[in-house]
Amino acid sequence: MSDVKMTTQPSAETPSFFSSLKGKLPKDTGIFVVMVGIALIFEAFGWYVRDQSFLMNPNRLVLIVLQVAIIGIIAVGVTQVIITTGIDLSSGSVIALTAVVAASLAQTSESLSPMFPSLVDMPAVLPIGAGIGVGLLCGIVNGVLITKTGIPPFIATLGMMVSARGLAQYYTQGNPISFLSDGFTAIGQGAMPVIIFLVVAVIFHIALKHTRYGKYVYAIGGNMVSAKVSGINVNKYLIIVYTIAGGLSGLAGVVLAARVSSGQSSMGLGYELDAIAAAVIGGSSLMGGVGRITGTLIGAVILGLIKSGFTFVGVDAYVQDIIKGMIIVAAVSIDMYRNRSKR
């Protein structure tokens, strides 16, 4: 009898050990391990295919970080939208619209054909504020359409996606806007885009985790009917969420225009899909009620690694899009399976 007890004791203790270990680990440990694994895979491929290091190239790492910063700023807003069971397809087009508006107000007197000859050499704060303001306005329109008319978020933001891109093209007549002031372009140079992204991420990580706003956002995504019954002004907070998403898209558009020293109506193409992918890969559930800014940050880094890694090993750009689509589908499928398991 004693032998039987000795053999059954370890199997009873082992699950509790791993369960306690899992409970002590940060929630984003799994996705972080995936990120490290992807980086190491490309490092191995780099030596095998190119006979050089993927991770030890400073220029490549800087490019990855800069790409992640722009997508990450949008993804922070998109994450909050997804938590409420919504979706925002307009962020890429809003980037284009805000970029051209900001650039048109940031031109210098050296420009051969400024859009507004009487508004050249303006302080940088004005074009930056105008760009972010346009983004906020687009977000408000999205929120009002969704809450006041009952239009599904997919349709409302799809309409904004088409309209904002059209407005950007009409505003510029298809011409790029250049000769921007040094004060304006400074926010897109060096490490500034990364600093802006990290500041935005920290602010909204705290907002979601430690404020009433965050509690209400998760409550709306968890069960909108219960949130209404408990006294939460659901429409008000949905409008706030979409306004924040629009404002962050505006900020990303301003930073992008400053980084490339130009405003173009073609900017931001496909960025909305990258932002959604970063949020979903980072653990945000399209079913609502689940999502973390830290996970989204890691998801954005994973996308940056994949894009740069495929380019590094010589994968065709069209094939990269196919693989990216497969990754998005896989991430959503895993999310669906996880939700079914919980139910």
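Residues numbered from 1 in each chain as written. Predicted model: local features only at pLDDT ≥ 70, side-chain atom pairs only at ≥ 80, totals over all residues. Heavy atoms only, no water.

As a further point, take the overall build of the protein chain. Within the protein chain, the regular secondary structure consists of 14 helices and zero strands. Along the protein chain, helices (α) and strands (β) appear in the sequence α-α-α-α-α-α-α-α-α-α-α-α-α-α when read from the amino end. On C-alpha atoms alone, the protein chain measures out to a radius of gyration of 23 Å, which is about the 20 Å that the 2.2 N^0.38 rule sets for 343 residues. Principal axes of the C-alpha set define a box for the protein chain whose edges measure 95 × 60 × 30 Å. (Helix = DSSP H or I, 4+ residues; strand = E, 2+ residues; numbered from the N terminus. Rg over C-alpha atoms; globule rule 2.2 N^0.38 Å.)

Two elements in contact, helix α2 (residues 29-50) and helix α13 (residues 293-313), have axes separated by 10 Å at closest approach and are oriented at 10 degrees. On the basis of the axis angle, α2 is roughly parallel to α13. Along the contact surface, α2 presents I31, F32, V34, M35, I38, A39, F42, F45, G46, V49 and R50, while α13 presents I298, V301, I302, L305, I306, G309, F310, F312 and V313. (Axes fitted to C-alpha atoms, helices over the stretch in contact; angles between N-to-C directions. Parallel < 35°, antiparallel > 145°, perpendicular 65-115°, else oblique. Contact = heavy atoms within 4.5 Å.)

Further remarks concern the nonpolar core. Counting residues in each nonpolar core, the largest one holds 89 residues, and the members touching the most others are V76, F184, F204, Y213, L248 and I302. A total of 15 residues in this core trace back to one element, the largest contributor, which is helix α11 (residues 234-260). Once residues lying within four places of it in the same chain are set aside, the contact partners of V76 are F197, V200, A201, F204, L248, I293 and T296. (Core = buried A, V, L, I, M, F, W, Y, C linked by side-chain atoms within 4.5 Å. Buried < 20%, exposed > 50% of the residue type's maximum accessible area, 1.4 Å probe, protein only.)

This next bit is on the packing of aromatic side chains. Where two aromatic rings form a pair, the distance of their centres and the angle of their planes describe that pair. Taken as a whole and judged by the stated rule, the model has six aromatic pairs. On the numbers, 5.5 Å between centres and 45 degrees between planes, the contact of F54 with F312 is tilted. Taken together, the positions of F54 in the loop between α2 and α3 (58-83) and F312 in helix α13 put the pair 258 residues apart, joining distant regions of the chain. By the burial criterion, F54 is buried, and F312 matches it. Taken together, F42, F54, F310 and F312 form an aromatic cluster joined through their ring pairs. (Phe/Tyr/Trp six-rings, centres within 6.5 Å; stacked < 30°, edge-to-face > 60°.)

This next bit is on helix α5 (residues 125-149). A rise of 1.5 Å per residue sets the reference length of α5, with its 25 residues, at 36 Å; its end C-alpha atoms lie 35 Å apart and thus fit the reference within 8%. Residues P127, I128, G131, G135, C138, G139, N142, G143, I146 and T147 constitute the buried set of α5. Buried residues in α5 make contact with α4 (91-105), α6 (153-172), α7 (182-185) and α11. G150 sits one or two positions beyond α5 and adopts a positive phi of about 80 degrees. (Expected span 1.5 Å × (residues − 1).)

On the surface, a nonpolar cluster with roughly 350 Å² of combined accessible area is contributed by F32, V33, V36 and L40. As for its placement among the helices and strands, L40 is situated in helix α2. (Patch = residues over 30% accessible without salt bridge, like charges linked within 9 Å, V, L, I, M, F, W, Y side chains within 5 Å. Areas by Shrake-Rupley, 256 points an atom, 1.4 Å probe, with all protein chains shown as cover. Salt bridge = Lys/Arg side-chain N within 4 Å of Asp/Glu carboxyl O.)

Attention shifts here to unusual backbone geometry. Backbone geometry at D121 places phi at a positive 55 degrees, although glycine is not the residue there. Tracing the chain through its elements places D121 in the loop between α4 and α5. With a phi angle near 55 degrees, Q173 is a residue other than glycine that sits in the positive phi range. Residue placement: Q173 occurs in the loop between α6 and α7.

So, on to the UniProt feature "transmembrane region" (unreviewed entry) in the protein chain. UniProt records the feature "transmembrane region" (unreviewed entry) at residues 29-49, 61-83, 119-145, 151-172, 184-208, 237-258 and 279-306, using the numbering of this structure. Secondary structure across residues 29-49 divides into 100% helix and 0% strand, with the first and last C-alpha atoms of the span separated by 30 Å. End C-alpha atoms of residues 279-306 are separated by 15 Å, and the span's content is 61% helix alongside 0% strand. (UniProt positions renumbered as here; feature names shortened; annotations may be inferred.)

Let's shift gears to the confidence of the model for the protein chain. When pLDDT is averaged along the protein chain, the result is 87, and 90% of the positions lie at 70 or above. Low pLDDT, under 50, characterises residues 1-14; the predicted model gives this stretch zero contacts beyond four residues in sequence or across chains. (pLDDT = per-residue confidence, 0-100.)

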